[in-house]
Amino acid sequence: MQHESRNMSRQQDAKGVILTGYFSNSEVLPPASGVNNAEEIESSSLSRRTGRNSVQSRPKNASGKPPYHRCNSQDSLDELFMDEYWTEVENITLSGEGKGDAEPQEEVQLKVPDEGEQEKAWLTEAGLATLFDESASDPEDMMGLLFTLTRTQAAAVEKRFETIRKRNKQHHIPDVRDIFKLPGTLESKEDEAKLTERSENRKRNITTDAQVVGQGNGAGRSEQSVSEPETDINLELSFSDQALSYKEGSKASSEALTDTDDKLPNFKLSRDKTGLTKMGDLSPQDMKKVHRLVLIEMTALFDTAGIDLKAHKAVKLKVKESGLFGVPLATLLEQDQRRQPGTKVPIILQRLISHIEEEGLGTEGLLRIPGSATRVKAVHVELEGKFYEGLFSWESLKQHDAASLLKLFIRELPHPLLTVEYLSAFMAVLKLPTKKQQLQALNLVVLLLPESSRDVLKALMEFFQRVIDHKEQNKMTLNNVAVVMAPNIFMFKGFCNKISMQQELSMATETANIVRLLIRYQNLLWTIPKFIMNQVRKQNTENQKKISKDRAMRKLLKKISYDREKPEKQEKPPSEADSSSHGFIRVQAPQFSKVSMAVQLTEELQASDVLSRFLSQKSSVSVKREALCLYEIGGNIKERCLDEDTYMKDLLELNPSAKWVIKWVIQR
């Protein structure tokens, strides 16, 4: 109680950014590395209370700079760059957020989950609630999901289930070991002997084990991550299986950890003839499957490194239900979509970004130099009253003020942009042993974000990259932008207030490095790995088998009751297959009154060629090429917008029952 009252008094006294703790230091923040002195902690807290937040009050070394400790698990940013971080923190604090007289927000303390509750929540989110609750729905859907899991993914499920089973021995729970014969669940000495025998061959068999997600399409390959060049990112094998192979091979890391922009590894995706799949390309039904599989895969990847993630539930706050700043993203997008259907990024954020760009991205110190606090506060109020009415005068808004408003918009979100649920996962990424694994984990965590957070984060990363593209003029390199934006993204309303100086310093470098990776590798991070797509296809195939079996049973019952039907009225797919077997595919475009278009199938035919053929035949269609997409529909996928570099013949082999449809595509 004494601790809570001290914490609340700090938060009430603070005149700068409002900090209300939603997560525990021990789970999210880096360890204090021996800094346990109560006087130092209190001094750190007092510095925040006075509005100087470590810039003026943190201890100095002989050179006059704050003590700095490099972390061996990540690229380190030098002291010069980190000084920009602390300057940004001071600017945030001194700005007072324009909220000095505002009514304080309700504080919610995070309840530490009971043993087993965390695992139940995880299994529920993964679509596996039936494992511990027989009354849960979709047992067949669960079985389809379990059927697709790799060895490491299955081990992650087994680990969570075992925690629940040990806690609920008195209750009957379906034994997941009937589905997974995994290590760690020995029931007899015979089982133990068998496991010992199997372990001798495990290193040699990992390729075979991992190929389960690539059956039928050549996705399973013999190359392992330990033998691949560091610049290659393999999307065809499970990341967690690759990490386990790396771990079992006891390969010593030879990655050079450097600071400069051009020394980060030049990771690239190997081209896939069946096409890359980006976020926004799939139907909601398949995206639900993707989310479940990605959650399991991310957890499995961290499990291989012995990292135990502790997720947190979103807190309930009294929040604004209208306006621009301090409004939940979902609410803001709902009100924007009533004005502009299909909006995925808040209109105010789009307008601020476009205004900054119209003023020129070559301005020195862009994003680093703060705007006038007085002007920013006044413009903030004016935007709230005039923006939607179109009465705000953008011509009078100075560029640095607009950049400060953009950062204010991010900080004012009631919940952090990276979400309370996955913030600890973002912070844990840098604990993984190699840069490749860090990038793979970051890819998975980004895919787990809610659509609204993911789309806004993507828009911001694209904007930051455009700023960096003008670094010769604006002096804002990747490092500069990362350290300036990190406190704006991570110091949300809910940032823990009482941390030691060493924790504060370590967290600063970690958050800056995370933003650095998000910007540098954004083209990879919003890509759905092929092994996940293969698992989705396999799950859909299993579900279709069940549907076909049920349909056959109904037909049989009708025959028995002498209710005869016309033979196979529904089975038109064979004609489609006959078409492709004769060397062409039929493409439909119902939105453009195009019943069917025959396209010759060749080894080199790509999705882009199909779109070009369509536009050449429909000269009356006044539509831009980028507004169209060729969709793969049916078969083992619900719906997928194709990458223009997709080779149609290869994709047809992967999904022979698919139909091909050209449709308008909403801006993604």
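Remember, predicted model here, so these are calculated numbers, not experimental data.

Trainee: Requested: an account of the overall build of the protein chain, with residues and values cited.
Mentor: Counting secondary structure elements, the protein chain contains 25 helices and nine strands. Each of the 668 residues in the protein chain was classed as buried or not, and the buried ones make up 52%. The contacts of the protein chain with a sequence gap of at least 6 include a subset with a gap of at least 24, amounting to 77%. Roughly 31,800 Å² of accessible area belongs to the protein chain as shown, and the carbon and sulfur atoms make up 50% of that amount.

Trainee: Help me get a handle on the packing of helix α15 (residues 420-428) against helix α16 (residues 435-448), residues and values and all.
Mentor: Taken N-terminus to C-terminus, the directions of α15 and α16 make an angle of 170°; their axes are 10 Å apart at the nearest point. Here α15 is positioned roughly antiparallel relative to α16, judged by the angle of their axes. Residue-level inspection shows Tyr422, Ala425 and Phe426 of α15 in contact with α16, the latter providing Leu442, Val445, Val446 and Leu448. Its residues placed into classes, the contact of α15 with α16 shows seven nonpolar, no polar and no charged.

Trainee: So what's going on with the nonpolar core? Residues and values would help.
Mentor: Membership of the largest hydrophobic core comes to 129 residues, with the highest contact counts inside it found for Leu128, Leu383 and Phe426. Lining this core are residues from two domains, each supplying at least three of them: domain 1 (114-168 + 233-245 + 267-310 + 529-559) and domain 2 (318-421 + 438-527). Apart from the residues within four sequence positions on either side, Phe426 is in contact with Leu418, Leu442, Val445, Val446, Leu449, Ile514 and Leu518. Of all hydrophobic cores here, the second largest spans 24 residues; its members include Val623, Leu630, Met648 and Leu651.

Trainee: How would you explain the pattern of salt bridges if you had to name every residue and give the values?
Mentor: On inspection of all chains with the given rule, the structure shows 21 salt bridges. Close ionic contact of Asp303 with Lys159 constitutes a salt bridge, the shortest N to O distance being 3.7 Å. Here the residue Asp303 occupies a position in helix α10 (residues 284-304), and Lys159 occupies one in helix α7 (residues 151-167), the gap between them amounting to 144 residues. Lys159 gets classed as partly exposed once you look at its relative accessible area, which sits at 42%. Linking Asp401 and Arg375 is a salt bridge whose minimum nitrogen-to-oxygen distance equals 2.6 Å. Taken together, the positions of Asp401 in helix α14 (residues 399-412) and Arg375 in helix α13 (residues 373-386) put the pair 26 residues apart, joining distant regions of the chain. Residue Arg375 is classed as partly exposed on the basis of its relative accessible area, which comes to 38%. In this structure, a network of salt bridges that share partners links the residues Lys159, Arg160 and Asp303.

Trainee: Help me get a handle on the pairing of strand β5 (residues 584-589), residues and values and all.
Mentor: Of the two faces of β5, the one holding Ile585, Val587 and Ala589 is buried and the one holding Phe584, Arg586 and Gln588 is not buried anywhere. Note: β5 against strand β9 (residues 659-664), two bridges, orientation parallel. Among the inter-strand pairings, Val587 is bridged to a residue of β9, identified as Trp660.

Trainee: Quick rundown of α14? Include the residues and the values.
Mentor: An ideal rise of 1.5 Å per residue puts 20 Å on 14 residues; α14 measures up with 20 Å between its terminal C-alpha atoms. Among the 14 residues in α14, 14 count as buried, and that is most of the element.

Trainee: Describe in detail unusual backbone geometry, supporting the description with residues and values.
Mentor: Within the chain, Thr419 stands out as a residue other than glycine whose phi angle is a positive 70°. One non-glycine residue, Lys475, lies in the positive phi region at around 60°. For Lys475, a relative accessible area of 44% gives the class partly exposed.

Trainee: Could you give an account of the environment of Val294, naming the residues involved and the relevant values?
Mentor: On the secondary structure map, Val294 appears in helix α10. For Val294, a relative accessible area of 1% corresponds to the buried category. Separated by 238 residues in sequence, Val294 and Ile532 have C-alpha atoms that sit 7.2 Å apart. In this view, Val294 contacts Leu444, Leu447, Leu448 and Ile532; residues no more than four positions away in its chain are not counted.

Basis of the calculations
- The residue numbering used here restarts from 1 in each chain and proceeds along that chain's sequence as written.
- This being a predicted model, a pLDDT of at least 70 is required before a residue's local features are given, and a value of 80 or more before pairs of side-chain atoms are given or counted; all residues contribute to the totals for chains, interfaces and linings.
- Heavy atoms from the whole structure form the basis of all side-chain values; hydrogens and water molecules are not counted.
- Runs of H or I in DSSP of at least four residues are treated as helices and runs of E of at least two as strands, each being numbered from the N terminus.
- Each residue is placed in one exposure class: buried if its accessible area under a 1.4 Å probe, protein chains only, is under 20% of its type's maximum, exposed if it is over 50%, and partly exposed if it falls in between.
- We call two residues in contact when some of their heavy atoms are within 4.5 Å.
- The protein chains shown are the only cover counted for residues, whose accessible areas, like all others here, come from Shrake-Rupley with a 1.4 Å probe.
- To get an axis, a line is fitted to the C-alpha atoms, and for a helix only the part in contact is used. The angle between two axes follows their N-to-C directions and goes from 0 to 180 degrees.
- Any angle that is under 35 degrees is reported as roughly parallel, and any over 145 degrees as roughly antiparallel; angles of 65 to 115 degrees are reported as roughly perpendicular and all others as oblique.
- Any residue outside Ala, Val, Leu, Ile, Met, Phe, Trp, Tyr, Cys, Pro, Asp, Glu, Lys and Arg is labelled polar, Gly included; the first ten of those are nonpolar and the last four are charged.
- Among the buried residues, those of types Ala, Val, Leu, Ile, Met, Phe, Trp, Tyr and Cys that are joined through side-chain atoms within 4.5 Å form a nonpolar core.
- Those domain boundaries reflect an automatic or database domain assignment.
- Salt bridge, as applied in this entry: a Lys or Arg side-chain nitrogen positioned within 4 Å of an Asp or Glu carboxyl oxygen.
- The pairing criterion for strands is at least two bridges between them, as found by DSSP.
- Every helix has an expected span of 1.5 Å times one less than the residues it contains.

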